[in-house]
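These are the residues of each chain, in order.
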Amino acid sequence: MLWAGRMRLRTFGILLVLVHTSAACEFGPFPYSVTGIVCRMTKPAALLLNQETAQVIQAAFRNAKFPNITGERSMRLLGKVAYGLTNIQVNDLSIEQSEVELKENDAIHIAIKNVTAFFKGTLTYGYAGGWFLHLFHSVDFEIESSIDLQINIKLMCQKDQVAADASDCYLTFHKLMLHLQGDKEPGWLKQLFVDFISFTLKLVLKSEVCNEINSLAQVLADFVHDLAENFVQDEDISVDISLASVPLIKANYLESHHKGLVLYKNYSDVFSDSVFSPSLLTESRMLYFWLSEHILSSLASAAFLDKRLVLTIRGEKLQALFEMEDTEAQRKAVQMIFQGTSYNNSVAKVWSLAHPQISLQPEGTVVKSLVAVEVSIFPTGEEPLMVLYMEKEITVTIQAAYAEKKLILHPLDSRSVLWSLVGFIAPFSPCLRAAQRGSLQPLGTFLPSFFLPFRIEFKVFKCTADPSGNDPSIRNFLQTMISVVGIPEVISRIEQALTSLMNSKGLHLFEIRNPEIITRKGYVIVQLDFSFPNHLLLDFLEKRL
């Protein structure tokens, strides 16, 4: 029986190897050249996550499906003694210590010591022979065990994503005691089953527990992948996080490299000149993300193609912008532009005329775009009339930070506005998409920054109130409006929208410490320390198991 079981396990192992081989990924000769996103987790982060290992191991023990154990043995005087252990399940479990070590170019080694596990079930036995009658008995039992567990987790690529192989798993039993119900059975019977069943029981426990740990490791890897994939997807726009190379295990960190190609309908993204090098990241922080500027530019282009870079503002939203202050210049400009038409019968439209361009420099993120602004009025009983049209090439440099669970954006170039940045953010922000549809009033205050930057130089400026373009009052008013409420309001609303977006992805559940957003020529690095919210793991285990 045991021989047959071992053959089945060997056959399964061979099939598993074949499956792994067939699912292996193929990479080009220069994988770094197509790397758009890199994630590096250092050893301090691994040590932190190892604190949650006990919960995973407990879940593996409790979720393991232990098969019934049956057998028989010939005994002098008693004849054949048949037995069966059924309904085996974990009754109690405790873990004293867990350690983790990163074995370079090999595996994540986890050593779990002094696992005390109690199993319970039902023992059925019968014996016949000689002058004995056929007798069959059933008694509840409890197994007390003390176990050390060694797991070597290898990281590989399967179906273009990170896969975890924890099949290299060993259980060492320091104690395995069988207690029959009330210990009322004959001593020789108890000793018989302890000696005879012990070896078989160890094999079964090792097989089932290790299989469950291996399965759970892959489920966790898939869960992390799904979370990351969801984080970089919104409707038709997403980012391909397929692996660009095999995951790395170094003595002080784990690292994965991803393609980072933007996916949008028929939009084809090509990337083969990445500047990534492992030397660009250090090992002093717990978690690092490296992103190429190509990703940001491609996201902005996808948003442009998806016609998301359009903003329509009317009614009270328009009024709040143009009546920021009650001055003679303001009243004159409003009268000249709207010609006595109410804000409810007026509409402003802002849109991008070309693919926005984003470049990353040491001083910050530089956003450049050509935008248009159109204001139309609808006088009662008359045909609609366009009263203002402008085109402007806009450039702005932004520095970003994250503190107190909020994103902070700081413009360095006072000449500019942020329409291109909004265009980049919009694909991932339901709030901004709602603003584009005119259903979110506060975001109407984006309008001033789209109208005119500081010290602007128009590509096109047409206004029915100033057909010759010689009256500077309107331009001066718009520029003042931008300086007073436009730029600050834009920054505030973008910060709120992005913070809300990140929170909707669960970022606020993590205790992020001392995050830094560092831009360099061609790439950006996000580096941080964190605390792991253990209730997330508990929720995951409850839902998945």
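Keep in mind that this is a model prediction, so the values were computed, not measured. (Residues numbered from 1 in each chain as written. Predicted model: local features only at pLDDT ≥ 70, side-chain atom pairs only at ≥ 80, totals over all residues. Heavy atoms only, no water.)

Participant: Tell me about the overall build of the protein chain, and please be specific about residues and values.
Facilitator: Along its length, the protein chain carries twelve helices and 21 strands. Residue pairs in contact within the protein chain that sit at least 24 positions apart in sequence constitute 72% of those at least 6 positions apart. With an accessible surface of roughly 26600 Å², the protein chain has 54% of that area assigned to carbon and sulfur atoms. (Helix = DSSP H or I, 4+ residues; strand = E, 2+ residues; numbered from the N terminus. Contact = heavy atoms within 4.5 Å. Areas by Shrake-Rupley, 256 points an atom, 1.4 Å probe, with all protein chains shown as cover.)

Participant: Now, about the state of the cysteines: what can you tell me, with residues and values included?
Facilitator: Throughout the structure, instances matching the rule amount to two disulfides. The disulfide partner of C25 is C157, and the S-S distance across this bridge is 1.9 Å. Looking down the S-S bond of the C25 and C157 bridge, the torsion is -85 degrees, so its handedness is left-handed. With C25 in the loop between α1 (2–22) and β1 (37–42) and C157 in strand β5 (residues 132–158), this residue pair connects regions lying 132 residues apart in the sequence. Judged on exposure class, the residue C25 and its partner C157 are both buried. Each bonded cysteine of the protein chain gets a number by its place in the sequence, and the pairs then read 1-2, 3-4. (Disulfide = S-S within 2.5 Å. Buried < 20%, exposed > 50% of the residue type's maximum accessible area, 1.4 Å probe, protein only.)

Participant: Account for the nonpolar core, with residues named and values stated.
Facilitator: Counting 50 residues, the largest nonpolar core has F61, F119 and I151 as its most contacted members. Only α3 (53–63), β3 (79–103), β4 (107–129), β5, β6 (161–180) and α4 (187–231) provide two or more residues apiece to this core. A per-element tally of this core places α4 first, with nine residues. Those residues in contact with I151 that sit more than four places away from it in its chain are I57, I108, H109, I110, I112, A166, D168, C169 and I213. Ranked by size, the runner-up nonpolar core spans 24 residues in total, among them L311, A348, M390 and I474. (Core = buried A, V, L, I, M, F, W, Y, C linked by side-chain atoms within 4.5 Å.)

Participant: If you had to explain helix α7 (residues 328–338) to someone new, which residues and values would you point to?
Facilitator: Within the span of α7, buried status applies to Q330, A333, V334, M336, I337 and F338. A distance of 3.1 Å separates the backbone nitrogen of Q330 from a side-chain oxygen at the start of α7, and that oxygen is part of T327. (Polar contact = N/O pair within 3.5 Å; in protein donor to acceptor, adjacent residues only side chain to side chain.)

Participant: Tell me about the environment of L203, and please be specific about residues and values.
Facilitator: Residue placement: L203 occurs in helix α4. Residues L203 and L171, 32 residues apart in the sequence, show an inter-C-alpha distance of 9.4 Å.

Participant: Help me get a handle on the sheet that holds strand β12 (residues 287–292), residues and values and all.
Facilitator: Strand order in the open sheet made by the six strands is β9-β10-β1-β12-β21-β20, with antiparallel pairing throughout. Each edge of the sheet is formed by a strand with only one pairing partner; in this case those strands are β9 (248–249) and β20 (511–520). Across two bridges, the pairing between β9 and strand β10 (residues 253–258) is antiparallel. From the neighbouring strand, I249 faces β10, where its bridge partner is L254. The strands touched by helix α2 (residues 43–50) within the sheet are β1, β10 and β21 (523–531), with β1 carrying the most contacts at an inclination of about 65 degrees. Lying on the sheet, helix α5 (residues 293–305) is in contact with β1, β12 and β21; it crosses β12 at an angle near 60 degrees. (Pairing = 2+ DSSP bridges. Axes fitted to C-alpha atoms, helices over the stretch in contact; angles between N-to-C directions.)

Participant: With reference to specific residues and values, describe the side chain of S274.
Facilitator: By the element assignment, S274 lies in the loop between β11 (261–263) and β12. When near neighbours in sequence (up to four residues on either side) are disregarded, S274 contacts Y32, S33, V34, T35 and W290.

Participant: Please provide a residue-by-residue account of the packing of aromatic side chains, values included.
Facilitator: Scanning the entire structure with this criterion turns up seven aromatic pairs. With 6.3 Å between their ring centres and 50 degrees between their planes, W351 and Y389 make a pair best called tilted. Here W351, found in strand β14 (residues 346–352), pairs with Y389, found in strand β17 (residues 385–403); they are 38 residues apart in sequence, far enough to count as distant. Y389 shares its class with W351; the two are buried. (Phe/Tyr/Trp six-rings, centres within 6.5 Å; stacked < 30°, edge-to-face > 60°.)

Participant: Let's hear about the environment of Y343: which residues, and what values?
Facilitator: With respect to the secondary-structure elements, Y343 resides in the loop between α7 and β14. With 35 residues separating them in the primary sequence, Y343 and F378 have C-alpha atoms 9.5 Å apart. Apart from the residues lying within four places of it in its own chain, the contact partners of Y343 are R314, G315, L318, Q319, F322, E323, V334 and F338. At 3.3 Å, the side chain of Y343 and the side chain of E323 are in polar contact.

Participant: Requested: an account of the sheet that holds strand β8 (residues 237–240), with residues and values cited.
Facilitator: Overall, antiparallel pairing links the three strands, which are arranged β7-β8-β11 in an open sheet. With partners counted over all chains shown, the strands left at the sheet margins are β7 (233–234) and β11, one partner each. Relative to β8, β7 runs antiparallel, the two sharing two bridges. Considered in β8, the bridge of Q233 is made with S238.

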